[in-house]
Amino acid sequence: MFIVWGTDTKRKDYSSIGPVICPNCGSYGRYNVFKTYRVLTFFFFIPTFRWGTQFFAESTCCGALYALDKEIGKTIASGSPVEIKPEHLTLIRGGAVQQAQPVQQVETKTCGNCGAQMSTDSLFCSNCGTKFES
Ligand SMILES: [Zn+2]
Ligand SMILES: [Zn+2]
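The structure contained in this document is the topic of the report that follows. Counting starts from 1 at the beginning of each chain's written sequence and moves along it residue by residue. Each chain gets a letter, beginning with A, and each ligand a number, beginning with 1, in the order they are written. Thresholds applied to this predicted model are a pLDDT of at least 70 for local features of residues and 80 or more for the giving and counting of side-chain atom pairs; totals over whole chains, interfaces and linings are not thresholded and use all residues. Water and hydrogen atoms were dropped before computing side-chain values, which therefore reflect all heavy atoms in the structure.

### Things to note about the coordination of the zinc ion (ligand 1)
Only nitrogen, oxygen and sulfur atoms qualify as donors, provided they sit within 2.8 Å of the metal or within 3.2 Å for Na, K and Ca; with water excluded from the atoms, sites may seem incomplete. Within the protein, the zinc ion (ligand 1) binds to C22 (SG), C25 (SG), C61 (SG) and C62 (SG); these donor distances fall in the range 2.3 Å. Considering all 4 donor atoms around the zinc ion (ligand 1), the spread of angles at the metal, 99 to 119 degrees, places the coordination shape in the tetrahedral class. Within one chain, the residues serving as donors to the zinc ion (ligand 1) are arranged as C-x2-C-x35-C-C. Taken together, the positions of C25 in the loop between β2 (17–21) and β3 (28–42) and C62 in the loop between β4 (49–59) and β5 (65–68) put the pair 37 residues apart, joining distant regions of the chain. Given a relative accessible area of 26%, C25 falls into the partly exposed group. Tetrahedral means four donors with every angle between 85 and 135 degrees, whereas square planar (four donors) and octahedral (six donors) require angles over 155 degrees between opposite donors and between 65 and 115 for all others; sites fitting neither are termed irregular. Secondary structure is summarised from DSSP: a helix means a run of H or I of at least four residues, a strand means a run of E of at least two, and numbering begins at the N terminus for each. The buried label applies to any residue whose accessible area, calculated with a 1.4 Å probe on protein chains only, is under 20% of its type's maximum; exposed applies above 50%, and partly exposed to all values in between.

### Overview of the side chain of T36
Tracing the chain through its elements places T36 in strand β3. Note on contacts: a residue pair is in contact if any heavy atoms of the two residues lie within 4.5 Å. Excluding residues that lie within four positions of it along the chain, T36 makes contacts with T9, K10, R11, G52, T53, Q54 and F56.

### Some remarks on helix α1 (residues 70–77)
Listed in full, the buried residues belonging to α1 are I72, G73 and I76. Projected onto a plane normal to the axis of α1, the buried residues spread over an arc of 100 degrees and lie on a single side. Its side-chain oxygen 3.0 Å from the backbone nitrogen of E71, D69 forms the N-cap of α1. G79 occupies a position one or two residues after α1 and carries a positive phi of about 90 degrees. What the arc measures is the spread of directions leading from the helix axis to the C-beta atoms. Definition of a polar contact: a pair of N or O atoms within 3.5 Å, with one able to donate and the other able to accept a hydrogen when the atoms are protein atoms, and with sequence-neighbouring residues admitted only if both atoms are side-chain atoms.

### With respect to unusual backbone geometry
In this model, G18 is joined to P19 through a cis peptide bond whose omega is 5 degrees. Among the secondary structure elements, P19 is positioned in strand β2.

### Observations concerning the pattern of salt bridges
Salt bridge, as used here: a side-chain nitrogen of Lys or Arg that lies within 4 Å of a carboxyl oxygen of Asp or Glu. Scanning the model with the defined rule gives 4 salt bridges in all. Between D13 and R11 there is a salt bridge, with its nearest N and O atoms 2.9 Å apart. Judged by relative accessible area, which is 45%, D13 ranks as partly exposed. With a shortest N-O distance of 3.2 Å, R93 and E58 are connected by a salt bridge. Pair noted here: R93 is in strand β6 (residues 89–93) and E58 is in strand β4, with a separation of 35 residues, a long-range link. Exposure remark for E58: the relative accessible area of 22% places this residue in the partly exposed category.

Structure representation (structure tokens):
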């Protein structure tokens, strides 16, 4: 007898949870909760054997992917309301977090006449009009 079989990784999506404050980027978003599991498929047969179930939560704000606590995942899968807290999440893949722009350090020089701060490429003090020597 010849049996064709293989394994397949399936994904099941659940309704999104939110709004939540994303631990990754700190903004309001929602979690798209889904799980993946592996199935053993036999040719002509409906997959019957499942294992390796893992729940995930993907934030909609920055696309960060978290591994979700299994018990919380099961609660969501059963349709019960649940609050996802940061301690239930393990960051797998950080999203595109908007890095705070570094404050532009503009080199300045001080006008010898009035003490105003001017950028170094200024030729005249815009406060008192004194010409800078350069
Ligand atoms: Zn985020
Ligand atoms: Zn000046």
